[in-house]
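Structure at a glance
So you can see what is in the structure, the chains are spelled out below.
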Amino acid sequence: RWGLRGPSSVLFVDAPTRHQQIATRRYDQPLNLVIILQESLGSEFVGSLGGKDLTPVLDGLAGKGIWFEQLYATGTRSVRGIEAVISGFPPTNKRSVVKLAETQRDFFTIASLLQQQHNFQTSFIYGGSAHFDNMRRFFLNNGFQTVIDQKDYEDPGFVATWGVSDEDLFLKAHEYFSSKGDQPFFSLVFTSSNHKPFEIPEGKVVTRTGSDGPRETAVSYADYALGRFLELARSSDYYENTVFLVVSDHNSRVKGANLVPVERFHVPGVILGKSIEPRRITGISSQIDLLPTLLSLIGVDSEHPAIGYDLTRPEYFNGANRAQMQFHETQGWLVPGKLIVLQRSLQPQSYLYEPGGQLRPDPAPDEELKRQALAHALWPTMAIKNKAYRP
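This write-up is about the structure you can find in this document.

Rules of the game
Residues numbered from 1 in each chain as written. Predicted model: local features only at pLDDT ≥ 70, side-chain atom pairs only at ≥ 80, totals over all residues. Heavy atoms only, no water. Buried < 20%, exposed > 50% of the residue type's maximum accessible area, 1.4 Å probe, protein only. Helix = DSSP H or I, 4+ residues; strand = E, 2+ residues; numbered from the N terminus. Axes fitted to C-alpha atoms, helices over the stretch in contact; angles between N-to-C directions. Parallel < 35°, antiparallel > 145°, perpendicular 65-115°, else oblique. Left-handed = near helix turned anticlockwise from the far one by under 90°. Contact = heavy atoms within 4.5 Å. Nonpolar A, V, L, I, M, F, W, Y, C, P; charged D, E, K, R; others polar. Patch = residues over 30% accessible without salt bridge, like charges linked within 9 Å, V, L, I, M, F, W, Y side chains within 5 Å. Areas by Shrake-Rupley, 256 points an atom, 1.4 Å probe, with all protein chains shown as cover. Salt bridge = Lys/Arg side-chain N within 4 Å of Asp/Glu carboxyl O. Phe/Tyr/Trp six-rings, centres within 6.5 Å; stacked < 30°, edge-to-face > 60°.

1. Notes on helix α2 (residues 78-87)
Because an α-helix completes one turn every 3.6 residues, residues spaced three or four positions apart along the sequence face the same direction. Counting buried residues in α2 gives 10 out of 10 residues, a clear majority hidden from the surface. If you check which residues of α2 are buried, you get S78, V79, R80, G81, I82, E83, A84, V85, I86 and S87. Directly after α2, the chain includes G88, whose backbone phi takes a positive value near 65°.

Below is the structure:
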């Protein structure tokens, strides 16, 4: 039994992680869900997470929603973040499921769940070309009914190498959500302004100088655009019936001396909405925990194969206390104070780890923890091969 949590869990022989999740919230009608995936926003840019003061809008949300203090990305690329956030799927040594041939149909996503089990309208909204990284094909084949990308913007205010600006993106998203009326909807909104070569509209934010100036300016602009969207949303008809997740897909520059540079997987995340009671999740959590948590927060009972933890449940109220991350061909399994490192053809190795510090050999390795890490590293590949991660 892999990660089955909560009452009424049922084990399915052909899909061993498939189970019933009973939501911890109840509404007359399920709430809408909007996931805003922020491009390349690492914790080092977020003041509330100990980084540079470049994101005043995001920092201001720390006391207004469910704020994650130790949220870790599963990988280093956008498609890995998409895989974790919308499918709750752990990382593998393979390509992301967004690009993998075996997962282009009948692969579980939160969009397929909400569409098939609860009659949601589902969409992906992007400012560039959705064909990039095979996103359009993967999404349309796996539960997303509508894809909006650059060709659908009639008169954008600013167009850069990666597509229209984040402001244009959010305006399009707001207009689309406003048209939904009483029909419940789910949407993934993916930003792109904070991406090299960091082209943004002039006069919106203070231009940063120095070698990292263009990136820092783009981070500030992405945060500014997010703030503009939230202002529009709060004044809209859909706001009080919607839960919003703002989360980064991955850190901007994942490198370091450690076998797995854990601090470079640390990303911001916050869940917002009129129904959301503000609190801080202080413990270690993973991007794969967001999906089951959101299902509870929008009041949806569901059947799915995702192995993440519902962080609204009392036993996980302070976090999942584990995170899995992929760094090239190496995997890391992080728990408080320790990191299990898995390298090809080598036995699992246990290290002592504290945030921001270097790995140190573990004088008292936990063999059960090693087995747990190895199992979670092997299972996703087996699930893909056996088509066991289905809607």
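Read on, since the account is not over.
2. A look at the packing of helix α5 (residues 166-178) against helix α6 (residues 213-234)
Their axes nearest at 9 Å, the elements α5 and α6 cross at an angle of 20°. The orientation of α5 relative to α6 falls into the category roughly parallel. Note on packing geometry: the crossing formed by α5 with α6 is right-handed. Facing α5, whose interface residues are D166, E167, F170, L171, H174 and F177, α6 presents Y221, A222, Y224, A225, L226, R228, F229, L232 and A233. Partitioning the contact of α5 with α6 into residue classes produces 11 nonpolar, 1 polar and 3 charged.

3. A few points about a nonpolar patch on the surface
Where nonpolar side chains cluster on the molecular surface, the patch consists of L374, L378 and M382 and spans about 280 Å² of accessible area. Checked against the element boundaries, M382 lands in helix α8 (residues 367-385).

4. Considering the packing of aromatic side chains
Scanning all chains against the criterion turns up 24 aromatic pairs. Ring plane angle 35° and centroid distance 5.2 Å describe the contact between F107 and Y389, whose orientation is recorded as tilted. With F107 in the loop between α2 and α3 (110-118) and Y389 in the segment after α8, this pair connects stretches of sequence that are 282 residues apart. Overall, F107 belongs to the buried group, its relative accessible area being 4%. Consider the rings of F177 and Y238, whose centres lie 5.6 Å apart with planes at 80°: the pair is edge-to-face. Separated by 61 residues along the polypeptide, F177 in helix α5 and Y238 in the loop between α6 and β9 (242-248) bring together distant segments of the chain.

5. Topic: the side chain of S286
Tracing the sequence through the fold places S286 in strand β12 (residues 279-286). Residue S286 is classed as buried on the basis of its relative accessible area of 1%.

On their own, these measurements won't tell you what the molecule is for.
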